[in-house]
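Results of the structural survey
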Amino acid sequence: MMRDHHARVSAPVLLLVVGAEVHTAWGRVVCSVALKLPNRREQDTGLDQNWKYGESRTRKDPKVGRWSGYGCWDHYHESDTLLHSLQVLAALLESPITQDIICDVGMPVMHRNVRYNCRVIFLNRKILLIRPKMALANEGNYHELRWFTPWSRSRQTEEYFLPRMIQDLTKQETVPFGDAVLATRDTCLGSEVCEELWTPHSPHVDMGLDGVEIFTNASGSHHVLRKAHARVDLVTMATAKNGGIYLLANQKGCDGDRLYYDGCAMIAMNGSVFAQGSQFSLDDVEVLTATLDLEDVRSYRAEISSRNLSASRMSPYPRVKVDFALSCHEDLLEPLSEPVEWKYHSAGEEISLGPACWLWDFLRRSQQAGFFLPLSGGVDSAATACLVYSMCRQVCEAVKNGNPEVLADVRTIVNETNYTPEDPRELCGRILTTCYMASENSSRETSDRARDLAQQIGSHHISLSIDPAVRAVVGIFSLVTGRSPVFAVHGGSSRENLALQNVQARLRMVVAYLFAQLSLWSRGARGGLLVLGSANVDESLLGYLTKYDSSSADINPIGGISKTDLRAFILYCIEHFQLPALQGILAAPATAELEPLTDGQVSQTDEEDMGMTYAELSVYGRLRKVAKTGPYGMFCKLLHMWKDSCTPRQVADKVKRFFSKYSMNRHKMTTLTPAYHAENYSPDDNRFDLRPFLYNAGWPWQFRCIENEVLQLERRERQNLDGMD
């Protein structure tokens, strides 16, 4: 197909939209990517005013209603979701903002009584193509096959009969439905959907070989620490091998559950990135633009002989002809965008931003007045407090930058119509209440560390003693049974020792919820507080927590983060937030402080209680979930990983200890507080890590296999030694 020379695609003539309002939680999750066309300046004003554009798909515009978010889950089974999606599509079709722009939006579509996850591509009140998703995400956090069917007819289309409400607007009875591409006057466009980019043979490969020059991908990809590298590599490699322009738009924000979608919208060409969107922010809408020359794609491809040989044998895609051009001859003087180097966040910086944005979404949508956090003076609760402080910093920054949505939300939260946050510490004092719940087993050092951190971040801090409540509960038991349990250091049994620790832990949960409901009332303020949990992913994996203790909360922003990464986050906060109290917290040994002190000093540490280190727990977690090993497989891998520090017998003992404790405590995962998902070895039993919670903790067959291997290795080692003698 002949093209105009030096056709420069630059846009608001091509717009890729992800998300909008979430059906289940009415939250806003939006990201947009655009190629910017210089000669169409009458469109620049409307599109570049992000908030004006955003109004067409937020709650403020009553014409639009609610667009279905990726996290609708089983709401996709409801006909209401299909109906409301069509209503929003109708509003977008008739909106003047979408005129003279090829728009690519996502929604569920029912075709011949089969539900598909689709891209609907339209221009000037005409639907050009409905492109169903061909590869569905069905692992980890995703269960798309539960709600959708993949389109399996490659390079084939059918007629889709439009609903009457859409026919009335478009004056079309049917539109193409299936695997096709768009042929405009000056180029060819193809749509790839989310998971399809991650498959072994992505559609962009064959589309590119068939002459598609611009690829769009609207994605619902969630945040995992250090995942951005993989996403960027996939896009750049896609265009490096085959040439072309790739537009990736990814949702950004919380979609009403444990996941945070972390943006990273980008525009890439021929292996280079030309525009980078933010990974984390409080903005509801982000528009990314770049001005690129299609001739650069053509010359790049023409030089790759192996690619051209494959292209000559490629079966063609059905082409939907579009009487529209993305470029014109006057573009010659428009300056082109230059490649940019992708800027990655460190792990500590990712933690400071992602979970903080997630907390903000939960706070504003729950319509609560803030958070309540039991602050123990340890790393985990300190990290949670710092995340709220980081959230306050982001809120103040967003307000300073003129974000009206954030300003309106924060005024609603603090219940002051004229309030404008400027100081993160002052805002933190309004929305975060921290509480140190001391017992006779608590040390002065942890109390001081909790108080000092609270002062530095500005939280409203409470110190109290739970001893009266503990004595009352234990007293009831003694009154009924005539027996008084005592700690092991005082001669008690292990059962007594554990029960007395659990009473303290569970009473802290009861006290936390009481204060969360009534502490603002006691201060004459309106509203309640969300209780924050602070159990890390390693402790949850092992079950090193008391069921229904202070780890039981409304949400847990660190529940998917390892102890190692939390310590890195604390170091980041010391450097960037100027919180010197964290230095003492970081240096102190991790302790639950549930057993009596020895000469006023802590005698109990977490790692001694667990019988393993936090570093070892991270290794076990990744091998169990990511590498998918059972006890025997883990033993085999650790033999090589730890060969310089452990004997086979020691490795076997460590593996057995982990799996015994993990399986005994697996039942605790069924009541685990909803936590921010940040690690691929999360033990979340709800949707991610689906396993039994009643095990034979002795693992007789597996442990026997391990023991046999150890005996053989020890026998071989003795024979080698005898041979040397």
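Residues numbered from 1 in each chain as written. Predicted model: local features only at pLDDT ≥ 70, side-chain atom pairs only at ≥ 80, totals over all residues. Heavy atoms only, no water.

1. Quick look at the overall build of the protein
When helices and strands are counted, the protein shows 23 helices and 23 strands. Across the 725 residues that make up the protein, the buried fraction comes to 58%. Carbon and sulfur atoms make up 52% of the accessible area of the protein, which amounts to about 30100 Å² in all. (Helix = DSSP H or I, 4+ residues; strand = E, 2+ residues; numbered from the N terminus. Buried < 20%, exposed > 50% of the residue type's maximum accessible area, 1.4 Å probe, protein only. Areas by Shrake-Rupley, 256 points an atom, 1.4 Å probe, with all protein chains shown as cover.)

2. Description of the sheet that holds strand E21 (residues 432-438)
The strand order across the open sheet formed by four strands is E22-E21-E20-E23, and the pairing between neighbours is parallel. Every interior strand has two partners, whereas the edge strands, strand E22 (460-465) and strand E23 (530-531), have only one. Along the sheet face, helix H12 (residues 424-431) touches strand E20 (371-374), E21 and E22 and points at about 65° away from the line of E21. (Pairing = 2+ DSSP bridges. Contact = heavy atoms within 4.5 Å. Axes fitted to C-alpha atoms, helices over the stretch in contact; angles between N-to-C directions.)

3. Section: the sheet that holds strand E19 (residues 319-321)
Within a beta sheet, neighbouring strands are joined by backbone hydrogen bonds and run either parallel or antiparallel to one another. Here seven strands make up an open sheet; going across it, the order is E16-E15-E12-E11-E10-E9-E19 and the pairing mixed. Each edge of the open sheet carries a strand with a single partner, namely strand E16 (272-276) and E19. Going from strand to strand, the sheet's axes swing by 20° on average, the running direction of each strand aside. Pairing between strand E11 (residues 214-219) and strand E12 (residues 245-250): six bridges, direction parallel. Among the inter-strand pairings, Thr 216 is bridged to a residue of E12, identified as Leu 247.

4. Section: the confidence of the model for the protein
In the predicted model, the protein carries a mean pLDDT of 88, and 90% of its residues have values of at least 70. Confidence drops under a pLDDT of 50 for residues 1-5, and excluding neighbours within four residues, the segment shows 12 contacts in the predicted structure. Confidence drops under pLDDT 50 across residues 19-31; counting only partners more than four residues distant or on other chains, this segment forms 72 contacts. (pLDDT = per-residue confidence, 0-100.)

5. Comments concerning the side chain of Lys 227
Mapped onto the secondary structure, Lys 227 falls in the loop between E11 and helix H6 (228-242). Buried and unpaired, Lys 227 has no salt bridge, with Asp 262 as the nearest side chain of opposite charge at 5.9 Å. Within the local environment of Lys 227, its side chain forms a polar contact with the side chain of Ser 221, the two groups lying 2.9 Å apart. Not counting chain neighbours up to four residues away, the residues in contact with Lys 227 comprise Trp 198, Ser 221 and His 222. (Lys, Arg positive; Asp, Glu negative; His and termini not counted. Salt bridge = Lys/Arg side-chain N within 4 Å of Asp/Glu carboxyl O. Polar contact = N/O pair within 3.5 Å; in protein donor to acceptor, adjacent residues only side chain to side chain.)

6. Describing the packing of helix H10 (residues 379-400) against helix H11 (residues 404-414)
The geometry of H10 relative to H11 is characterised by a closest axis approach of 8 Å and an angle of 130° between their N-to-C directions. As the angle between them shows, H10 and H11 are arranged oblique. Crossing hand, H10 versus H11: left-handed. Here Val 395, Ala 398 and Val 399 of H10 lie close against H11, whose contacting residues are Val 406, Leu 407 and Val 410. Here the residues of the contact of H10 with H11 are counted per class, giving six nonpolar, no polar and no charged. (Parallel < 35°, antiparallel > 145°, perpendicular 65-115°, else oblique. Left-handed = near helix turned anticlockwise from the far one by under 90°. Nonpolar A, V, L, I, M, F, W, Y, C, P; charged D, E, K, R; others polar.)

7. Some thoughts on a nonpolar patch on the surface
The grouping of Ile 476, Leu 479 and Val 480 at the surface amounts to a nonpolar patch, some 380 Å² of accessible area in total. Residue position: Ile 476 is located in helix H14 (residues 467-481). (Patch = residues over 30% accessible without salt bridge, like charges linked within 9 Å, V, L, I, M, F, W, Y side chains within 5 Å.)

8. Quick look at the pattern of salt bridges
All chains considered together, the criterion is met by 36 salt bridges. Residues Asp 689 and Lys 625 are paired through a salt bridge, measuring 3.3 Å at the closest nitrogen-oxygen approach. Of this pair, Asp 689 sits in the loop between helix H22 (648-664) and helix H23 (700-724) while Lys 625 sits in helix H20 (residues 614-626), and the two are 64 residues apart along the sequence. Of the charged contacts in the structure, one is a salt bridge between Asp 685 and Arg 666, with a shortest N-O distance of 3.3 Å. Here the residue Asp 685 occupies a position in the loop between H22 and H23, and Arg 666 occupies one in the loop between H22 and H23, the gap between them amounting to 19 residues. On the basis of relative accessibility, which here comes to 18%, the residue Asp 685 falls in the buried class. Classification of Arg 666 as buried rests on a relative accessible area of 1%. Bridged by salt links that share partners, the residues Arg 624, Lys 625, Arg 666, Asp 685, Asp 689 and Arg 691 form one connected network.

9. Some details on the nonpolar core
Residues Leu 359, Trp 360, Phe 371, Met 391, Leu 453 and Leu 582 are the most contacted members of the largest nonpolar core, which totals 65 residues. Considering each element in turn, this core owes the most residues, 14 residues, to H10. The residues contacting Leu 359, other than those within four sequence positions of it, are Phe 371, Leu 387, Val 388, Met 391, Leu 532, Ile 555 and Pro 557. The next biggest cluster of nonpolar side chains, apart from the first, holds 26 residues, and it includes Val 537, Phe 658, Phe 659 and Ile 706. (Core = buried A, V, L, I, M, F, W, Y, C linked by side-chain atoms within 4.5 Å.)

10. Some thoughts on the packing of aromatic side chains
Here the distance between the centres and the angle between the planes together describe a pair of aromatic rings. Considering all chains together, one arrives at 24 aromatic pairs under this definition. Between Trp 73 and Trp 147, the aromatic rings sit 5.3 Å apart at their centres with planes inclined by 80°, giving edge-to-face as the arrangement. Here Trp 73 is found in the loop between helix H2 (50-55) and helix H3 (79-94), whereas its partner Trp 147 is found in the loop between strand E6 (126-132) and strand E7 (157-161), with 74 residues between them in sequence. With respect to burial, Trp 73 and Trp 147 carry one shared label: buried. Here a set of aromatic residues connected by ring pairs shows up, and it is made of Tyr 620, Trp 642, Phe 658, Phe 659, Tyr 662, Tyr 695 and Trp 699. Over the ring of Phe 688 we find Lys 625, and its NZ or CZ is 4.5 Å from the ring centre. A cation over a ring is seen here: Arg 687 above Trp 73, with NZ or CZ 4.1 Å from the ring centre. (Phe/Tyr/Trp six-rings, centres within 6.5 Å; stacked < 30°, edge-to-face > 60°. Lys NZ or Arg CZ within 6 Å of the ring centre and 35° of its normal.)

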